[in-house]
Amino acid sequence: MLKYKAVAQDIVQKITEGEYLPNDRLPTTPELCEQYQVSKITIKKAMDELELGGLIARRRGSGTYVKGLGTQQLENAPQGWSMSSQMGGYTKDHPGHEVGSHVYDFSVVRPPVMVADELGIQPDEFCYHVCRTRTLDGTPNVIEYTYMPIKVVPDLREHNVQTTIYGYIQNDLGLKIASAHRSLEAVLVTDEEAQRLQVEPNSPALQVTQVGFLDDGTAFEHSISRHVRGYKFFSISTV
């Protein structure tokens, strides 16, 4: 095994076993060089791989931190997840078009255990749950099922859900949305979804499961969206 992969694998194991906890700062590059008896280049390659897998966040002038990931993500990381730059939200992604929403559910709930784990919260903590279709020039393109921890995204209102939740998070709360882990799967829509999306029953859809992160590594969103029209996905790595 290449040295940088062995280093990355060891750090993943330390995160999985709880030696490095969510939001912990990792040792500095010189400290890691001494710990693993490797060069700075090897450590940089290892950090690049961990960042590409979405396990760590680099903060300029502060250091490298562990993101708040759930156990399912850690078991699959880093190959099982994609790092994406598409974090502007549906409205920002479609300039020049009329973007709308039809909200079917906006409530406060306790999340499923799996969702709580991926959000890094306890199952008895409260989340907003949002089910809505997003329309482009009047045509419904996607249906979304979203959980957001109230303690991370406080005071969300229905008019924010009707317009842009990401806009509220960034402009009103002053938080910075930084990255996401996404997995894609081909599925068939349910009869209810077909009616809401104005397509035939059992129509194919691209299902995107996403956990979104703020720039400090805090998970703020777990969502499942089913796209029946016009979805494009770009995966990139950033330093």
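Everything numeric here is computed off the predicted structure, so don't read it as measured data.

What counts and how
All residue numbers refer to position in the chain's written sequence, counted from 1. Residue-level local features of this predicted model are given only where pLDDT is at least 70; pairs of side-chain atoms are given and counted only at 80 or more, and the full residue set underlies all totals for whole chains, interfaces and linings. As a rule here, side-chain values come from all non-hydrogen atoms in the structure, and water together with hydrogens is ignored. Elements are defined by DSSP. Helices are runs of H or I of four residues or more, strands are runs of E of two residues or more, and each kind is numbered from the N terminus. Each pair of strands is called paired provided DSSP finds at least two bridges between the two strands. Each pair of aromatic rings taken from Phe, Tyr and Trp, with Trp reduced to its six-membered ring, is defined by centres within 6.5 Å and is described as stacked if the planes are under 30 degrees apart, edge-to-face if over 60, and tilted in the remaining cases. Relative accessibility thresholds used throughout: buried, under 20% of the residue-type maximum; exposed, over 50%; partly exposed, between the two (1.4 Å probe, protein chains only). For this analysis, a salt bridge means a side-chain nitrogen from Lys or Arg found within 4 Å of a carboxyl oxygen belonging to Asp or Glu. Throughout, a contact is declared for two residues whenever any of their heavy atoms are within 4.5 Å.

Moving on to unusual backbone geometry. Here aspartate 137, not a glycine, exhibits a phi torsion of approximately 55 degrees, which is positive. Mapped onto the elements of the fold, aspartate 137 is located in the loop between β5 (127-136) and β6 (139-149). Positive phi outside glycine occurs at asparagine 202, with the angle close to 65 degrees. Within the secondary structure layout, asparagine 202 lies in the loop between α9 (191-197) and β8 (204-214).

Take the pairing of strand β2 (residues 63-66) next. Side-chain direction in a regular strand flips from residue to residue, so the side chains alternate between the two faces of the sheet. Two elements, strand β1 (residues 56-59) and β2, share four bridges in a ladder whose sense is antiparallel. Considered in β2, the bridge of isoleucine 56 is made with valine 66. In sequence, β1 turns back onto β2 through a hairpin of three residues, with glycine 61 there showing a positive phi of about 80 degrees.

This part is about the packing of aromatic side chains. Inspection of the entire model under this criterion finds two aromatic pairs. Pairing phenylalanine 106 with tyrosine 128 gives two aromatic rings, centres 5.9 Å apart and planes at 25 degrees, and the pair type is stacked. In this pair, phenylalanine 106 sits in strand β4 (residues 99-109) while tyrosine 128 sits in strand β5, placing the two residues 22 residues apart along the sequence. Since its relative accessible area comes to 26%, phenylalanine 106 is described here as partly exposed. What makes tyrosine 128 buried here is its relative accessible area of 7%. Geometrically, the ring pair formed by tyrosine 166 and phenylalanine 220 is edge-to-face, given 5.7 Å between the ring centres and 65 degrees between the ring planes. Within this pair, whereas tyrosine 166 is found in helix α8 (residues 165-172), its partner phenylalanine 220 is found in strand β9 (residues 219-227), the two being separated by 54 residues in sequence. Given a relative accessible area of 10%, tyrosine 166 falls into the buried group.

Another point: the pattern of salt bridges. Scanning all chains against the criterion turns up 10 salt bridges. For arginine 58, the salt bridge identified is with aspartate 48, shortest N-O distance 2.9 Å. On the criterion of sequence distance, the pair formed by arginine 58 in strand β1 and aspartate 48 in helix α3 (residues 40-52) is long-range, its members being 10 residues apart. With relative accessibility at 23%, the residue aspartate 48 sits in the partly exposed group.

So, about the environment of isoleucine 150. Its place among the elements puts isoleucine 150 in the loop between β6 and α7 (158-162). When the C-alpha atoms of isoleucine 150 and tyrosine 128 are compared, they prove to be 6.4 Å apart, with 22 residues separating the residues in sequence. Ignoring sequence-local partners within four residues, the contact set of isoleucine 150 consists of Val108, Phe126, Cys127 and Tyr128.

Turning to α8, its buried residues are Ile165, Tyr166, Gly167, Tyr168 and Ile169. Buried residues belonging to α8 abut β5, β6, α7, β7 (177-188), β8 and β9.

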